Amino acid sequence: MALSIWMPASISISAPPTWYVKCSGAKASTADSFIPSSLLNSLKTLKFPRFWPWQRVKMGPLTVSPMGFGTWAWGNQLLWGYQESMDSQLQDTFNLALENGINFFDTADSYGTGKLNGQSERLLGKFIREFQGRKAFQDDVVIATKFAAYPWRLTPGQFVNACKSSLHRMQIEQIGIGQLHWSTANYAPLQERALWDGLVAMHEKGLVRAVGVSNYGPKQLLKIHDYLKARGVPLCSAQVQFSLLSMGRDQMEIKKLCDSLGIRLISYSPLGLGMLTGKYSPSNLPQGPRGLLFRQILPGLEPLLSSLKEIAGKRRKTMSQVAINWCICKGTIPIPGVKSVKQGEENLGALGWQLSADELSQLEYGALESPSKMIQNIFQTS
């Protein structure tokens, strides 16, 4: 077994990379003879991750993997066809993530259809408790959950109670990032301030380590940042739809603002709900509501999809991996959704390498040349 030291490709947005030991099955060479045989024998018994793991980025007080996994599908029957029979496969997918360095998982108290409302949080907590691997991996998990701005959540106390309910569903003592799922500024401005005070309260009570927002436009993002800062609570993250399909003026302004304020941008839907995977075409559409959306957008994505396909071929990667890597190269933390081991393995292949400046430009040119754009979330504010 040959032993070598390796370092992953440097990514400008990451913390300084750590050095790792890499093992191969080749016979040790003369140059390796300084390594004691006892050490080599012990290394043979170690289980090394199959993918490039363990590089971390800072997000407020937290240290997380450069990509997280989204759990919207864990309980959603309408859009993602969830069935409870899928739970064992979801557990395997979660285990795969932890064993390969992913420690960041995004969820929400509203994820789950009908009576399965909150199912995503329940499953995530269950999978953490039942993980059979190293306890250090288990302890390293960072959960970011979102609290819905339901119309009956009118006071800070009600928002704090929502946080306590999430903690109860997951059976954990503290949430990594407590996020406001959307802003009510456009339709219930008086409720907005109560929700902000709720974020402050849950942070002060130690229910969350950090706070974040989701679906906030640049103007409202600056307002809540300044409000929380005045209360002594840093805004850790801002989660928005951000991908090669969602790089319009507002999204890029949000990214620029986050960079200037030290807020980490979390990219949801980095694959455009699947449109950037190359698995679908105007004649091969997914079932359900996604199919209706894809029918409108896919015919106008040819320049972008062609660029993704060309770069994926040269890199020996998939189109999904290239699209996710673009998000990482832009300094964001993408959270592609996963509901199978196969999807998890494919997403993990987006790590350990970096698109070149020319490739980034080619992809962005293809996106600009594509007449179709992703429909933005109706809850995103200005």
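Note that the structure is a prediction, hence the values are computed from the model and not measured. (Residues numbered from 1 in each chain as written. Predicted model: local features only at pLDDT ≥ 70, side-chain atom pairs only at ≥ 80, totals over all residues. Heavy atoms only, no water.)

**Notes on the packing of helix 3 (residues 87-99) against helix 4 (residues 119-130)**
Quick note on the threshold: Angles here are taken between N-to-C directions and fall from 0 to 180 degrees, while the axes themselves are lines fitted to C-alpha atoms, restricted in helices to the stretch in contact. Working definition: helices are DSSP H or I runs of at least four residues, strands are E runs of at least two. Numbering for both runs from the N terminus. By the definition adopted for this analysis, an angle is roughly parallel if under 35 degrees, roughly antiparallel if over 145, roughly perpendicular if from 65 to 115, and oblique otherwise. Note on convention: the crossing is left-handed when the near helix lies turned anticlockwise from the far helix by less than a right angle, right-handed when the turn is clockwise. Residue contacts are counted whenever heavy atoms from the two residues lie within 4.5 Å of one another. Following the grouping adopted for this structure description, the nonpolar residues are Ala, Val, Leu, Ile, Met, Phe, Trp, Tyr, Cys and Pro, the charged ones are Asp, Glu, Lys and Arg, and the polar ones are all others, Gly among them.
Where helix 3 contacts helix 4, the axes come no closer than 10 Å and their chain directions differ by 60°. Compared by their axis directions, helix 3 and helix 4 come out oblique. Between helix 3 and helix 4 lies a crossing whose hand is right-handed. For the pair formed by helix 3 and helix 4, the contact residues are Asp87, Leu90, Gln91 and Phe94 on the first element and Gln119, Leu123, Leu124, Lys126, Phe127, Ile128 and Glu130 on the second. A per-class count over the contact of helix 3 with helix 4 returns 6 nonpolar, 2 polar and 3 charged.

**A look at the confidence of the model for the protein chain**
The condition that has to hold: A score between 0 and 100, pLDDT records how confident the predictor is in each residue.
Overall, the predicted model of the protein chain reaches an average pLDDT of 86, with 86% of residues at or above 70. Predicted confidence for residues 42-51 stays below pLDDT 50, and this span has 18 contacts to residues more than four positions away or in other chains.

**A look at the layout of surface pockets**
Convention followed: Cavities and pockets are defined on a 1 Å grid built over the protein atoms alone: a cavity is a set of grid points where a 1.4 Å probe fits but cannot escape, while a pocket is an open set with protein on both sides within 12 Å along at least five of seven lines, and lining residues are those with an atom within 4 Å of any such point. Grid points are joined across faces, edges and corners, and a volume is the space filled by probe spheres set on the points.
By volume, the largest pocket amounts to about 1200 Å³. Mapped by element, the contributors of at least two residues to the lining of the largest pocket are helix 2 (77-80), strand 10 (235-241), helix 10 (289-297) and helix 13 (341-348). Broken down by element, the residue count for the lining of the largest pocket peaks at 3 residues, all from helix 13. Looking at side-chain class alone, the lining of the largest pocket contains 19 nonpolar, 21 polar and 6 charged residues.

**Focus: the environment of Leu195**
Tracing the backbone shows Leu195 in helix 7 (residues 189-204). Taking C-alpha positions, Leu195 is 9.1 Å from Gly157, a pair spaced 38 residues apart along the chain. For Leu195, the contacting residues outside a window of four places in its chain are Ala149, Arg153, Phe159, Leu180 and Thr184.

**Quick look at the nonpolar core**
The criterion, for reference: Here the nonpolar core consists of buried residues drawn from Ala, Val, Leu, Ile, Met, Phe, Trp, Tyr and Cys, with membership extended through side-chain atoms lying within 4.5 Å. When a residue's accessible area, from a 1.4 Å probe over protein chains only, is under 20% of the maximum for its type it is buried; when over 50% it is exposed; and in between it is partly exposed.
Of all hydrophobic cores here, the largest spans 97 residues; its most connected members are Phe94, Leu221 and Leu308. Broken down by element, the residue count for this core peaks at 8 residues, all from helix 12 (residues 319-329). Aside from chain neighbours lying at most four places away, what touches Phe94 is Trp74, Phe105, Leu124, Phe127, Ile128, Phe131 and Val141. Listed in part, the 14 residues of the second largest apolar core include Val64, Ala144, Ile177 and Ala210.

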